[in-house]
Amino acid sequence: MWNDTDIPLAYLITFRCYGTWLHGDERGSIDRFHNRFKSPYIDPNRRWRQHNEQVLAGAPVTLDASQRQSVDAAIRETCAIREWHLHAVNARTNHVHAVVSIGLIKPERALTAFKANATRQMRHNNHWRHDYSPWAEKGSKRHLWNERSVARAIDYVLYGQGDELPDFDDD
């Protein structure tokens, strides 16, 4: 069924950890000139990636199990407080996905709130002790216009990320 309003049913919001997917990466990348729906990624470029690694302000960030739990809790709390419907969330070691219905709110606000509250929660739990953000700049805010798109995004977030991550930090 198609949604005939100007409001998406939901968004697939994705944000990456700092330094984990740089321009020039073998997976390809997107910049402001290569950011159209279904457009190809920028081709891998070893020299460009090496340059970007050298100009990083700090080490790339990888989330451990306790940090991932803090991020998950923060996104759930943000949605509960703001009365947004969270369909699915998955905090991985180098990125976070959330499928969320936010009504008339701009998706940039949800992305900003998720990143800010995830950082706050990690600091509160003593899982992030730095002054800088653990997140890369910006993020993806894919509009989901119909029920099929929402269902596919939920399936991708919950089951398309590979195996369940074990708690590597437990002894």
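Residues numbered from 1 in each chain as written. Predicted model: local features only at pLDDT ≥ 70, side-chain atom pairs only at ≥ 80, totals over all residues. Heavy atoms only, no water.

## Here we look at helix α3 (residues 107–124)
An ideal rise of 1.5 Å per residue puts 26 Å on 18 residues; α3 measures up with 25 Å between its terminal C-alpha atoms. For α3, the complete set of buried residues consists of Pro107, Ala110, Leu111, Ala113, Phe114, Lys115, Asn117, Ala118, Thr119, Gln121 and Met122. The inward-facing, buried residues of α3 contact β1 (10–16), α2 (65–82), β3 (95–101) and β4 (140–144). Residue asparagine 126 follows α3 closely and has a positive phi angle near 60°. (Helix = DSSP H or I, 4+ residues; strand = E, 2+ residues; numbered from the N terminus. Expected span 1.5 Å × (residues − 1). Buried < 20%, exposed > 50% of the residue type's maximum accessible area, 1.4 Å probe, protein only. Contact = heavy atoms within 4.5 Å.)

## Focus: the sheet that holds β1
Reading across from one edge, β2-β3-β1-β4 is the order of the four strands in this open sheet, with antiparallel pairing throughout. Strands at the two margins of the open sheet, each flanked by one partner only, are β2 (85–91) and β4. Averaged over all pairs of adjacent strands, the angle between strand axes in this sheet comes to 15°, irrespective of strand direction. In terms of strand pairing, β1 meets β4 through five bridges, oriented antiparallel. (Pairing = 2+ DSSP bridges. Axes fitted to C-alpha atoms, helices over the stretch in contact; angles between N-to-C directions.)

## Quick look at the environment of alanine 113
With respect to the element layout, alanine 113 can be found in helix α3. In this structure alanine 113 comes out as buried when scored by relative accessible area, which is 7%. Discounting chain neighbours no more than four positions away, the residues touching alanine 113 are Thr78, Arg82 and Trp84.

## Concerning the pairing of β3
For β3, the tally of buried residues reaches seven of seven residues, placing the bulk of the element in the interior. Residues His95, His97, Val99 and Ser101 line one face of β3 and the alternating positions Val96, Ala98 and Val100 line the opposite face, and both faces are buried. Here β1 runs beside β3; their pairing, made up of six bridges, is antiparallel. Directly across from tyrosine 11, in β3, lies its bridge partner valine 100. Looking at chain direction, β2 and β3 are connected through six bridges and run antiparallel. Paired with histidine 85 across the two strands is serine 101, which belongs to β3. What sits between the antiparallel neighbours β2 and β3 is a turn of three residues.

## Here we look at the nonpolar core
Of all hydrophobic cores here, the largest spans 26 residues; its most connected members are Val71, Ile75, Phe114 and Trp135. The element best represented in this core is α3, accounting for six residues. Setting aside its immediate chain neighbours within four residues, phenylalanine 114 contacts Ile13, Phe15, Ile75, Thr78, Cys79, Trp84, Ala98 and Val100. (Core = buried A, V, L, I, M, F, W, Y, C linked by side-chain atoms within 4.5 Å.)

## Considering the packing of α2 against α3
Two numbers describe how α2 lies on α3: the axes approach to 8 Å, and their chain directions differ by 130°. The orientation of α2 relative to α3 falls into the category oblique. Here the hand of the crossing between α2 and α3 comes out right-handed. Contacts between α2 and α3 involve Gln67, Ser70, Val71, Ala74, Ile75, Glu77, Thr78, Cys79 and Arg82 on the former and, on the latter, Arg109, Ala113, Phe114, Asn117, Ala118, Arg120, Gln121 and Met122. Of the residues assigned to the contact of α2 with α3, the class counts are eight nonpolar, five polar and four charged. (Parallel < 35°, antiparallel > 145°, perpendicular 65-115°, else oblique. Left-handed = near helix turned anticlockwise from the far one by under 90°. Nonpolar A, V, L, I, M, F, W, Y, C, P; charged D, E, K, R; others polar.)

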